[in-house]
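Listed here are the chains, written in short residue letters.
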Amino acid sequence: MVSLFAIGGFYVFTSYASAIGWGTGNMAAFASSANPYYALGHALWGAAWWLVVIAIVNSAIGVGLACTNAASRVLYTMGQAGTVPERFGRINPKTQTPTFAIAFIQLSGIVAILLVGLLLAPDAIFGFLGTITTLAVIVLYVMANLALTAYIRREHPGDFNVWRHGVLPWIGTLALLPVLFVTVYPVPAWPYNLTPYIFIAALIAGFGYMVWLGSRHPGALRRGATVLVGRRTDEEGDVDWDAPSPPAPQASA
């Protein structure tokens, strides 16, 4: 919670500083600028504007590492659970890292960037892929919020808390829905008008894979959920939320 509030406060502060530096009466120009922070750096810092470049490059590297780390961990866990091919769940004996999962994430990202850059335009790469990702994240978070309320009320009614399992998730959902709406309407210009259809196609493909996996490998999805939450299952095969997590293995002396 401290991390959430801290990063939220940081974003509010930097957004406020950006608006004040640019001029609150001309924010439309800020939104339409190809790189407003370069312009701010030149206008306010003079020759030190290159510090903005260093900050942006550093942020890009940090985001890339974080995304690779998070995505490869999820793929590794899914490989361990059997929801994706088992090679994703293998650890390199020398580096002790899921090298196949990491390589897959890196190569698929490069392919996506090259496809967008070659088929559309290089300057559309960030906005195009970012819009698809935004749509996916919004839908994922909304579904998780709704599932939380329904799951706790159905499976653990004694633990249901109106504020934690009802009010807060719905506040988050209501805050995300306007963002989803303005992302797709008014219909954005080419090529961003393609992003909702590409996202829907990916969603249908993922749902189809889930149905196929459930019929071809019964229990794989349940095992995947159990592994992801890090809890054992009860006698009926459901996640046992009350069971303590298994202790972490101790390093040998």
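As the structure is a prediction and not an experimental result, all values here were calculated from the model. (Residues numbered from 1 in each chain as written. Predicted model: local features only at pLDDT ≥ 70, side-chain atom pairs only at ≥ 80, totals over all residues. Heavy atoms only, no water.)

### Description of the overall build of the protein
Heads up, the condition is: Helical segments are the DSSP runs of H or I of at least four residues, strand segments are the runs of E of at least two, and each set is numbered from the N terminus. With a 1.4 Å probe rolled over the protein chains alone, any residue whose accessible area is under 20% of its type maximum counts as buried; one over 50% counts as exposed, and the rest are partly exposed. A contact between two residues is defined here by any heavy atoms of the two lying within 4.5 Å. Computed with a 1.4 Å probe, the accessible areas rest on the Shrake-Rupley method; for each residue, only the protein chains presented here act as cover.
For the protein, the helix and strand inventory stands at 9 helices and 0 strands. Along the protein, helices and strands appear, N-terminal first, in the series α-α-α-α-α-α-α-α-α. Taken over 253 residues, the protein has a buried fraction of 20%. Taking the intrachain contacts of the protein between residues at least 6 apart in sequence as the baseline, contacts between residues at least 24 apart amount to 39%. Split by element, the accessible area of the protein, about 18000 Å² in all, is 70% carbon and sulfur.

### Focus on the side chain of histidine 165
By the secondary structure assignment, histidine 165 is in helix 7 (residues 162–184). Assessed through its relative accessible area of 10%, histidine 165 is described here as buried. Discounting residues that sit within four places of it in the chain, histidine 165 has contacts with Leu148, Thr149, Ile152, Asp159 and Phe160.

### Some thoughts on the packing of helix 4 (residues 50–81) against helix 5 (residues 99–119)
Stated precisely, the cut-off is as follows: With axes taken as lines fitted to C-alpha atoms, and helix axes fitted only over the stretch in contact, angles between N-to-C directions fall between 0 and 180 degrees. Here the angle decides the label: under 35 degrees means roughly parallel, over 145 means roughly antiparallel, 65 to 115 means roughly perpendicular, and every other value means oblique. Crossings are assigned a handedness: left-handed for a near helix turned anticlockwise from the far helix by less than a right angle, right-handed for a clockwise turn.
Between helix 4 and helix 5, the least distance of the axes is 9 Å, while the angle of their chain directions is 125°. Here helix 4 is positioned oblique relative to helix 5, judged by the angle of their axes. Considering how the two elements wind past one another, helix 4 and helix 5 form a crossing that is right-handed. On helix 5, the residues touching Thr68, Ala71, Ser72, Leu75 and Tyr76 of helix 4 are Ala101, Ile102, Phe104, Ile105 and Gln106.

### Quick look at unusual backbone geometry
Note that the residue after tyrosine 185, namely proline 186, is joined by a cis bond; omega there is 0°. In this structure, the amide linkage connecting tryptophan 190 to the following residue, proline 191, adopts the cis form with an omega of 0°. Despite not being glycine, glutamine 96 has its phi angle at roughly 60°, a positive value.

### Looking at the packing of helix 6 (residues 125–155) against helix 7
Note the cut-off: Amino acids are sorted into nonpolar (Ala, Val, Leu, Ile, Met, Phe, Trp, Tyr, Cys and Pro), charged (Asp, Glu, Lys and Arg) and polar (every other residue, Gly among them).
Closest axis-to-axis distance for the helix 6/helix 7 pair is 9 Å, and the angle between their directions is 155°. Comparing their axes, helix 7 and helix 6 come out roughly antiparallel. Along this stretch, helix 6 crosses helix 7, giving a crossing that reads as left-handed. Per-class residue counts for the contact of helix 6 with helix 7 are 14 nonpolar, 8 polar and 1 charged.

### Comments concerning helix 8 (residues 195–216)
Side chains three or four residues apart in an α-helix point the same way, a direct result of the helix having 3.6 residues per turn. This is how the line gets drawn: Helix span, as expected, comes to 1.5 Å for every residue beyond the first. Working note: the arc is built from the helix axis to C-beta atom directions.
In this model helix 8 runs 31 Å from its N-terminal to its C-terminal C-alpha over 22 residues, within 8% of the 32 Å that 1.5 Å per residue would give. Listing the buried residues of helix 8 in full gives Thr195, Pro196, Phe199 and Leu213. One face of helix 8 carries all of its buried residues, which in axial projection span an arc of 115°. Residues of helix 8 that are exposed and point more than 90 degrees away from the buried face comprise Tyr197, Ile204, Ser215 and Arg216.

### Description of a nonpolar patch on the surface
Stated precisely, the cut-off is as follows: Patch definition: residues with relative accessible area over 30% and no salt bridge; like charges joined within 9 Å; nonpolar side chains (Val, Leu, Ile, Met, Phe, Trp, Tyr) joined within 5 Å. A carboxyl oxygen of Asp or Glu within 4 Å of a side-chain nitrogen of Lys or Arg is what we treat as a salt bridge.
A cluster of nonpolar side chains, contributed by Leu107, Ile110, Val111, Leu114, Leu115, Leu118 and Leu119, occupies part of the molecular surface with about 740 Å² of accessible area. In this fold, isoleucine 110 is placed in helix 5.

### A closer look at the confidence of the model for the protein
Using the following cut-off: pLDDT gives the predictor's per-residue confidence on a scale running from 0 to 100.
Taken as a whole, the protein shows an average pLDDT of 85; of its residues, 89% reach a score of 70 or greater. A low-confidence stretch, residues 244–253 (pLDDT under 50), is modelled with 4 contacts involving residues beyond four sequence positions or located in other chains.

### Some words on helix 1 (residues 2–22)
The first and last C-alpha atoms of helix 1 sit 30 Å apart over 21 residues, in line with the 30 Å expected at 1.5 Å per residue. Looking at the residues trailing helix 1, positive phi occurs at glycine 23, about 115°.

### Points about the nonpolar core
Formally: Here, the term nonpolar core denotes a set of buried Ala, Val, Leu, Ile, Met, Phe, Trp, Tyr and Cys residues that are joined through side-chain atoms within 4.5 Å.
Val116, Ile125, Phe128, Ile132, Leu135, Val139 and Phe199 together form the largest nonpolar core, which totals 7 residues. It is helix 6 that provides the largest number of residues to this core, a total of 5 residues. Contact partners of phenylalanine 199, with chain neighbours within four places excluded, come to Ile132, Leu135, Ala136 and Val139. The next biggest cluster of nonpolar side chains, apart from the first, holds 5 residues, and it includes Leu75, Val84, Ala101 and Ile105.

### A word on the environment of alanine 124
Within the fold, alanine 124 resides in the loop between helix 5 and helix 6. With relative accessibility at 4%, the residue alanine 124 sits in the buried group. Along the chain, alanine 124 and tyrosine 192 lie 68 residues apart, while their C-alpha atoms are 8.4 Å from each other. Apart from residues lying up to four places away in sequence, alanine 124 is in contact with Val116, Leu129, Pro191 and Tyr192.

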